Amino acid sequence: MSLEIKNLHAQIPGREILKGLNLTINPGEVHAIMGPNGSGKSTLSKVLCGHEDYEVTSGEVLLDGENILEMAVDARSRAGLFLAFQYPHEIPGVSNANFLRAALKARLPKGEDIDAVKFYKTMYARMDALEMDRSFTSRSVNEGFSGGEKKRNEILQLMMLEPKYAILDETDSGLDIDALKIVSRGVNAMRSENRGFLVITHYQRLLNYIQPDIVHVLKDGRIVKTGGKELSLELEERGYDWVTEEAVAA
Amino acid sequence: MVSAPETHDLPHPSEASDISDIRVDSVGDFTFPERNKFDSGFGITSKTVDYIADVKGDPDWIREFRHKALKIFQDKPMPTHWATKDLENIKFDEFRYYLSDGQKPKRSWDDVPEDVKKTFDRLGIPEQERKFLAGVEAQYDSEAAYSNIKAAVSEQGVIFVNSTEGLHKHPEIFRKWFGKVIPTGDNKFSALNSAVFSGGSFIYVPPGVKVSHPLQAYFRINSEQFGQFERTLIIADEGSEVMYMEGCTAPKFETSTLHSAVVELVAMKGAKIQYVTVQNWSSNVFNLVTKRGIAHEDAVVKWIDCNIGSRLTMKYPGVIMKGKRARGEVISIALANSGQHQDTGAKMVHAADDTTSNVISKSISIGEGRSTYRGLVHIPKHLKGCKNNTECDALLINSNSHTDTYPAISVRGNQHSTQHEASVSQVSSDQIFYLMQRGLSEAEAMSLSVNGFINDLAKEFPMEYSVELKRLIDLEMEGSVG
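What this report covers is the structure whose coordinates are included nearby. Not measured: the values here are computed from a predicted model.

### A few points about the overall build of chain B
In terms of regular secondary structure, chain B is built from eleven helices and 24 strands. Taking the principal axes of the C-alpha coordinates as reference, chain B spans close to 60 × 55 × 45 Å. When each of the 482 residues of chain B is scored for burial, the buried share is 63%. Taking as baseline every contact in chain B between residues at least 6 positions apart, the subset at least 24 positions apart corresponds to 83%. Summed over its atoms, the accessible surface of chain B is roughly 18,000 Å², and 49% of this surface lies on carbon and sulfur atoms. With 54 positive and 64 negative side-chain charges, chain B shows a separation of 6 Å between the mean positions of the two kinds.

What follows is the structure in structure tokens.
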């Protein structure tokens, strides 16, 4: 059981972005991926989820043994893969509650529906944990939300859908320190021995709150260095240039 | 007057009315074998008009009215100079203009012929009637098969019958208003309807009566190469209120089907009429409908219109605000899928001081579908204090979907206020990606986006109809993605 990425190559027309990426996330682990702008961090999250703009030219991604690269976007989600978006989309006219219900219902056999009472109870409890006002249930998904509200909403979806593997793409961007703490608390509450996390971030700050087990440095489409959480502190201090040199030297 | 000839050459397959003998593809796409006692035959001439007048036992003034209308229909050119050229593909000689089994509408579903009853059962009409309606009329091809009004409502003096019964039994009200809101010569298709009309509702609500539940009519086309021409006239007397709802379906045939209704509403002083349509025509139907209401002093006429399906729909519900402080509203939703053109809009004619009109239109174009908004707002110079608000929003689902907007707002004088807003948006592939990443299929993601787009308007529909609307949109989206 793991999310296993093997020798992954992916491109947009005319430009290869991921150039043989290897990474294995076991349930219970929190991996952080750090790297400079343009290193392929966000591409990795979109490729894993099956975004149509990217073409996988070789490699495999196995979710608990199953190659998900053959699967449609929605099937990957239902298989247990979740992405907290860097820029969550607005869905005008669709309430947060209806959206979550539809997403949960999509996981049930055709014709079955979720228990509405239980659903609201769970949702309210999780919203409380994220310090989200109840009015967010009836507001349109992300419409008119501040940056911080959008990120909290992503974590609410994570908490409701309870995926096996969750990718957080720059969840700290646009958050003030208070919001960062709340969001991190939500993520930490979801940490479990049955769930793996991949935390993509540009800055070390987030990792003070969501402490990773393993830190990777992504550069030019490949993981060039892997270490413990102390690596993130070193990166914060020294930047990314020395990592490249080391990789080349090795 | 000659007695109506029985039709020949038509089979009488009454034994074939079992559900297993019919084609079933989707909600409305099924048909039973024809067993028409009366069939006007193909094409339209003065003989067709006489045939219909004979079968229906029309009084002379209606027969004359029909003949005059036929002449106008024949003389008027197709309005292709402003509308789509697709109108030229209508072959008037290939339709039958009147089909009926010769039976009077029944007051009880138990008395309705088995195949017709099964049709309306499948469409959920008797169930809706039990649940939330004050009265139902169910029309099958040219005539009503079932018509009933709840006793409590009829005891208040409310009349709800088909147009034939209306003109025979209530001539004093019928004749006063019939053809007055929409003159025969308004357009080629109102003339066609006036020549061959059959079926539709006649409603009269006495002064001060507020009908608590909606009255509903359902128009079902069963036969191939047929035209349905119902005629509806609703009069809400002073201070009264009524909501009327109509639904329509037809099976999908290889050949085209024509539906051309005329609907006239009269809201007397302080009255309120709400007219709700949810149509779901199959994609071979030419749907060319003229709808207009007159609102007298302090009266409200509100059209809530949802157009799904058909090959071509041309429909611009209108309100003539004739009395001071009258209000006209058109709330419309149109959904055009590939091979469909929804050419819809509104006409608001301000004819008194301090009148208010509101037009909110949302259209959705899917695949190669095309939706067109055409609006007319007229405020003349001699009036004061008139207000109009027009909003039209279009949503495009695919890059080859098509939308056009033709608003014509003529405001003279400087004591009025108008505002017009239009927007075009597209469901982006990133939005669909976001929804699919949460586990929704592509069709579910599209459906949710479309339902979100019309959400604020769907709230205007009675709850039962907004549920139906959502279901119809889900079906359309399911069929439109690979």
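Back to the write-up after that little detour.
### Examining a negative patch on the surface
Taken together, the side chains of A:Glu52, A:Asp53, B:Asp430 and B:Glu442 make up a negatively charged region of the molecular surface. As for its placement among the helices and strands, B:Glu442 is situated in helix 10 (residues 442-458).

### With respect to the interface of chain B and chain A
With 18 residues of chain B at the contact, the number on the chain A side is 31 residues. Between chain B and chain A, the buried area comes to about 2,000 Å², and carbon and sulfur atoms account for 65% of it. Broken down residue by residue, the surface that chain B buries against chain A is led by B:Phe433, B:Tyr434 and B:Arg438, which jointly contribute 39%. If you look at where chain B meets chain A, you find 14 residue pairs in polar contact (both at pLDDT 80 or more). No other element matches helix 9 (residues 429-437) of chain B, which puts eight residues into the side of chain B that touches chain A. Grouping the constituent residues of the side of chain B that touches chain A by class yields seven nonpolar, eight polar and three charged.

### A few points about empty space enclosed by the protein
All names here are of chain B. Going through the model one piece at a time under the given rule, you end up with three cavities of 30 Å³ or more. For the largest cavity, the calculated volume is near 210 Å³. In terms of lining, the largest cavity is formed by 20 residues, of which the most central are Arg-35, Asp-101, Val-116, Tyr-140 and Ala-145. When residues of the lining of the largest cavity are traced back to their parent elements, those giving at least two are strand 2 (99-100), helix 3 (114-122) and strand 4 (143-149). At three residues, strand 4 tops the list of elements feeding residues into the lining of the largest cavity. Looking at the lining of the largest cavity residue by residue, the classes come out as seven nonpolar, five polar and eight charged. Approximately 80 Å³ is the volume attributed to the second largest cavity. Elements supplying a minimum of two residues to the lining of the second largest cavity: strand 20 (356-365), strand 21 (370-379), strand 22 (387-396) and strand 23 (402-411). Of the residues assigned to the lining of the second largest cavity, the class counts are four nonpolar, seven polar and two charged.

About the thresholds
Residues numbered from 1 in each chain as written. Chains lettered and ligands numbered in written order. Predicted model: local features only at pLDDT ≥ 70, side-chain atom pairs only at ≥ 80, totals over all residues. Heavy atoms only, no water. Helix = DSSP H or I, 4+ residues; strand = E, 2+ residues; numbered from the N terminus. Buried < 20%, exposed > 50% of the residue type's maximum accessible area, 1.4 Å probe, protein only. Contact = heavy atoms within 4.5 Å. Areas by Shrake-Rupley, 256 points an atom, 1.4 Å probe, with all protein chains shown as cover. Lys, Arg positive; Asp, Glu negative; His and termini not counted. Charge placed at Lys NZ, Arg CZ, Asp CG, Glu CD. Patch = residues over 30% accessible without salt bridge, like charges linked within 9 Å, V, L, I, M, F, W, Y side chains within 5 Å. Salt bridge = Lys/Arg side-chain N within 4 Å of Asp/Glu carboxyl O. Buried area = accessible area lost by both parts, 1.4 Å probe. Polar contact = N/O pair within 3.5 Å; in protein donor to acceptor, adjacent residues only side chain to side chain. Nonpolar A, V, L, I, M, F, W, Y, C, P; charged D, E, K, R; others polar. 1 Å grid on protein atoms, 1.4 Å probe; cavity = no way out; pocket = protein on both sides within 12 Å on 5 of 7 lines; lining within 4 Å. Points joined across faces, edges and corners; volume = space filled by probe spheres on them.

Read these as layout, nothing more, since geometry by itself doesn't imply function.
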